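# Structural overview
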Amino acid sequence: MPVEVGATRKEFLLALTGAAVLPELRAQPAPGPGGKLLIVVAHPDDEYAFAATTYRMVRELGWTADQLIVTDGESGNRYATLAETYYDVPLTNPADARIHLAAIRKQECLRAGKVLGIRRHYFLEQRDLGFNNNAAAADASNWDREFVLSKLSSLLEREHYDVVFTLLPTAETHGHHRAATLLALEAIARIADASRPLVFGAEPRAKAQAPLRFSGWEPNPLTVTTEPSPVFTFDRLRSFGFHNALTYDIVVNWLIAEHKSQGLFQTTYGTDQYEQFWLFRISGAGAGQRASELFEACNETRRTP
């Protein structure tokens, strides 16, 4: 399994030309004093949905976080006009994107991961075939499903994560988001109940949006949630610091800025104030109490020097 941990500028440029690949992980950092979190997403920028919560858990509460990204993101080229100049390679044409964009997005993901404190990235490099006009209909049938399930299962078995973050698999969400979540749920369902992590589906929301209720995606019983309303909401606009002038939205903006090839994504600055989480019913024993303890820790008043 390719595990990426960062690269020099020389390695990055070599990767763009296909002349080299990034090295395998050698020395692993020790886990933090908190729990262990796994993020499972389809694309290299999907961690946006839980960026502030992840930062809070990892950077401030001492959790250890890893991220698994299913696709190579090569079809995210439609709004890469500015990035063509920034990276000095053609990107908006699909043929050019197939040559350059996957390596660029991998590096963007690594830099965004550094913001959040991600320990390890697992890139499964399934081809991102994109979609035409309807993101919800995006097709993931080209993915090597058994390969992805095998990698997820071995990772979960080896690392014994306490919590898994995925995207909420609504009927309206991007088809790849839903497919990645379904694979994560299937891998977790193979674990004995007593050893399962807490599994959450997350959705970023604006304060002005109508409340979202989600009990599950009807075609798949693994998506059933413990209740239709979110069990936890992290407010990105929580104020802290000198004169309470800082918010976690700053961290989210840092992350957005690292994904420079995703031009339309750059316009999401400040649009979603909430990160909302639904708990999947397949979560392990004592899920309700464990989730309450996690949320209580995340919502504790941040100490200001």
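Reading the values: the criteria
Residues numbered from 1 in each chain as written. Predicted model: local features only at pLDDT ≥ 70, side-chain atom pairs only at ≥ 80, totals over all residues. Heavy atoms only, no water. Buried < 20%, exposed > 50% of the residue type's maximum accessible area, 1.4 Å probe, protein only. Helix = DSSP H or I, 4+ residues; strand = E, 2+ residues; numbered from the N terminus. Pairing = 2+ DSSP bridges. Right-handed = clockwise from strand over helix to strand, strands pointing away. Axes fitted to C-alpha atoms, helices over the stretch in contact; angles between N-to-C directions. Parallel < 35°, antiparallel > 145°, perpendicular 65-115°, else oblique. Contact = heavy atoms within 4.5 Å. Nonpolar A, V, L, I, M, F, W, Y, C, P; charged D, E, K, R; others polar. Polar contact = N/O pair within 3.5 Å; in protein donor to acceptor, adjacent residues only side chain to side chain.

## What about the pairing of strand β3 (residues 64–71)?
- Counting buried residues in β3 gives 8 out of 8 residues, a clear majority hidden from the surface.
- The sheet contact formed by strand β2 (residues 36–41) and β3 spans 6 bridges and is parallel. Paired with V40 across the bridge in β3 is L68.
- One crossover worth recording links β2 to the parallel β3 by way of helix α2 (residues 51–60), and it is right-handed.
- Pairing geometry for β3 and strand β4 (residues 118–126), over 6 bridges, is parallel. By the bridge assignment for β4, Q67 is matched with H121.

## Quick word on the packing of α2 against helix α8 (residues 287–299)
- The N-to-C vectors of α2 and α8 enclose an angle of 90°; their axes lie 10 Å apart at closest approach. Comparing the axis directions of α2 and α8 gives the class roughly perpendicular. Facing T53, R56 and M57 of α2, the residues of α8 in contact are L294, A297 and C298.
- Across the contact of α2 with α8, the residue classes break down as 4 nonpolar, 1 polar and 1 charged.

## Describing the side chain of R119
- Looking at the element boundaries, R119 is found in strand β4.
- For R119, a relative accessible area of 13% gives the class buried.
- Reaching out from R119, the side chain makes a polar contact with the side chain of D66 at a distance of 2.7 Å.
- A polar contact is formed between the side chain of R119 and the side chain of E159, at a distance of 3.3 Å.

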